[in-house]
Amino acid sequence: MKKRYWVILVLLFLVGLDWYIRSPDSHSRELTRAIETQGSEALKAYPYKFRVLKVVGDTAYLSTPRNTEVPAFKALGALFPELNTKDPNNPAFIAAQQRLGAVQSEARAIVLAQPGVKDVRWELDREWLASHYIEVPGQN
């Protein structure tokens, strides 16, 4: 019985530690809330939810489903499964790319307008990509 008690206690501790490590700080949550409340209807309705992962000094790190390691067509394929991502000249694909760029720029502008933030850096949302079965490049 004692062994089972300790195993359960250790598991609870590890779950709590994992939550603490992954949970964003209060400033990051405030900035994410600003995106959610101040965003346009297009941003609010967009299937990917941009969020501030962390704040270091006056720099906010904003999540993104694409960058040079993961091209936009992979993220757009997960966001819009009906989209033909194999044809980069397809007008619907071009419009989807422009829409992603627009909402991403809006999220960045909202975060930059908040007090104490002077810069925004993009960080690839590896968890979101993995949850959508997109191969995620290794971390540096």
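Right, let's walk through the structure included here. Since we're looking at a predicted model, the values are computed, not measured.

Here is what the cut-offs are and how they apply
Residue positions within a chain follow its written sequence, with the count starting from 1. Under the rules for a predicted model, residues below a pLDDT of 70 receive no local features and side-chain atom pairs below 80 are neither given nor counted, while totals for whole chains, interfaces and linings still include all residues. Each side-chain value is worked out from all heavy atoms of the structure, with water and hydrogens disregarded. We call Phe, Tyr and Trp rings a pair once their centres come within 6.5 Å, taking the six-membered ring for Trp, and we label the pair stacked below 30 degrees between planes, edge-to-face above 60, and tilted otherwise. Exposure is judged per residue with a 1.4 Å probe applied to protein chains only, and the accessible area is read against the type maximum: over 50% gives exposed, under 20% gives buried, and values in between give partly exposed. Each helix is a run of H or I in the DSSP string that is no shorter than four residues. Each strand is a run of E no shorter than two, and both are numbered from the N terminus. Here, a charge over a ring is recorded when the distance from Lys NZ or Arg CZ to the ring centre is within 6 Å and its angle to the ring normal is within 35 degrees.

Our focus in this paragraph is the packing of aromatic side chains. Applying the stated criterion across every chain, the model contains four aromatic pairs. Between tyrosine 48 and phenylalanine 50, the aromatic rings sit 4.9 Å apart at their centres with planes inclined by 80°, giving edge-to-face as the arrangement. Phenylalanine 50 matches tyrosine 48 in its accessibility class, with the two residues each being buried. Measuring from ring centre to ring centre gives 6.2 Å for phenylalanine 50 and tryptophan 122, while their planes differ by 70°; the resulting arrangement is edge-to-face. Taken together, the positions of phenylalanine 50 in the loop between α3 (41–45) and β1 (52–56) and tryptophan 122 in strand β3 (residues 119–124) put the pair 72 residues apart, joining distant regions of the chain. Note on tryptophan 122: relative accessible area 33%, which makes it partly exposed. Chaining the aromatic ring pairs together yields one cluster made of Tyr48, Phe50, Trp122 and Trp128. Note that lysine 54 overlies the ring of tyrosine 61, its terminal NZ or CZ placed 4.8 Å from the centroid.

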